[in-house]
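# A closer look at the structure
For reference, the chains in residue letters:
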Amino acid sequence: MKNVLITGATSGIGNKIAEILSNSYNVFKTGRRELNQENYFRCDLSNCSSIDKLVNSAKDYFKDSIDILINCAGQYIYKPIEKMTPAETDYLLNLNFKSAYLLSGAVIPDMKQKKWGRIVNIGSISGMVGEGQATLYSATKSALSGFTRALALEVAEFNITVNQINPGWVETPLADCLDETEKQEVIDVTPQKRFIEPVEIANLVKYLISEEAKGLTGQNINLCAGLSIGC
Ligand SMILES: NC(=O)c1ccc[n+]([C@@H]2O[C@H](COP(=O)([O-])OP(=O)(O)OC[C@H]3O[C@@H](n4cnc5c(N)ncnc54)[C@H](OP(=O)(O)O)[C@@H]3O)[C@@H](O)[C@H]2O)c1
């Protein structure tokens, strides 16, 4: 069985990805909350010194290298640019972009050696179109999509694929920042008139990491109930 490391696996989308993949993969999870599980390492990914410790814990658990990396951890900050503090700015850049970049760099050498690997980044539709009041969130997700394309090129000849899923609004604790009126507004502006379910993202991840998807690389896939295609 292949070995998968999933960040942001304690809640929402990452939690569903872990649940779905655990039937056919060895899964190692990370998040910030306390969980007493053998296949779990608690760390704050906004702190870049966590990266090596996380990768080493996963490799100790697998007694082997990481074949598949799912970069899902992330947070959303909705406020005008002039209200963003330098500390919040560093925090979101580190968590939403830099941790995925550094983790990818940490797992690529083993993938190259095995001549097989899969990386899936969870972006956002806000990185594909702009989202006012979420400028840095949008920017981190745009950065991730540029990184996805560039890294896919860099590792293509090693049979390593790198892809990104850009969800629209998904029903998870992250979306609890919306009140009932705002949730209805999201439904009204979404062509399919609904939120995405975490299982839809998890099933696409399952396909992207499969052998069948070996020719799919460097792609940004908008799983957004039509939100990105206009109104
Ligand atoms: N929900 C949406 O509408 C939506 C839409 C587009 C994109 N996304 C993206 O999907 C991804 C997952 O979001 P979600 O909706 O599943 O949110 P969620 O339910 O709030 O889960 C976020 C996950 O990230 C982890 N996390 C947060 N801050 C962290 C930190 N500093 N260090 C390490 N882990 C941290 C959380 O762990 P703990 O809770 O244990 O701290 C949790 O496992 C994010 O990248 C988000 O940007 C979500």
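Above this text is the structure in question.
Below is a summary of the structure that appears in this document. Quantities reported herein were computed from a predicted structural model and do not represent experimental measurements.

### Considering the overall build of the chain
Along the chain, the regular secondary structure elements total six helices and seven strands. Taken over the C-alpha trace, the chain has a radius of gyration of 17 Å; the compact-globule value for 231 residues is 17 Å, and the two agree within 12%. Projected onto its principal axes, the C-alpha positions of the chain cover 50 × 35 × 30 Å. Taking all 231 residues of the chain together, the buried fraction comes to 51%. Across the chain, every contact between residues at least 6 apart in sequence was considered, and the portion connecting residues at least 24 apart equals 69%. When the accessible area of the chain is evaluated, it comes to approximately 11000 Å², of which 51% is carbon and sulfur surface.

### Here's the deal with the environment of Ile68
Examined against the element boundaries, Ile68 turns out to sit in strand E4 (residues 68–71). Separated by 93 residues in sequence, Ile68 and Thr161 place their C-alpha atoms 9.7 Å apart. With sequence-adjacent residues up to four places away left out, Ile68 is seen in contact with Lys2, Asn3, Val4, Leu5, Tyr25, Met111, Trp116, Arg118 and Ile209.

### Concerning the sheet that holds strand E2 (residues 26–31)
With parallel pairing, seven strands are arranged side by side in an open sheet as E3-E2-E1-E4-E5-E6-E7. Of all the strands in the sheet, just strand E3 (40–42) and strand E7 (220–223) have a single pairing partner and so form its edges. Geometrically, the sheet is characterised by an average inter-axis angle of 15° between neighbouring strands, direction not taken into account. Taken together, the three bridges between E2 and E3 define a ladder with parallel strand orientation. Its bridge partner being in E3, Thr30 is matched across the sheet by Phe41. In the packing of helix H6 (residues 198–208) onto the sheet, the strands contacted are E4, strand E5 (117–122), strand E6 (160–167) and E7, and the crossing angle to E6 comes to about 165°.

Reading guide: rules and limits
- Residues numbered from 1 in each chain as written.
- Predicted model: local features only at pLDDT ≥ 70, side-chain atom pairs only at ≥ 80, totals over all residues.
- Heavy atoms only, no water.
- Helix = DSSP H or I, 4+ residues; strand = E, 2+ residues; numbered from the N terminus.
- Rg over C-alpha atoms; globule rule 2.2 N^0.38 Å.
- Buried < 20%, exposed > 50% of the residue type's maximum accessible area, 1.4 Å probe, protein only.
- Contact = heavy atoms within 4.5 Å.
- Areas by Shrake-Rupley, 256 points an atom, 1.4 Å probe, with all protein chains shown as cover.
- Pairing = 2+ DSSP bridges.
- Axes fitted to C-alpha atoms, helices over the stretch in contact; angles between N-to-C directions.

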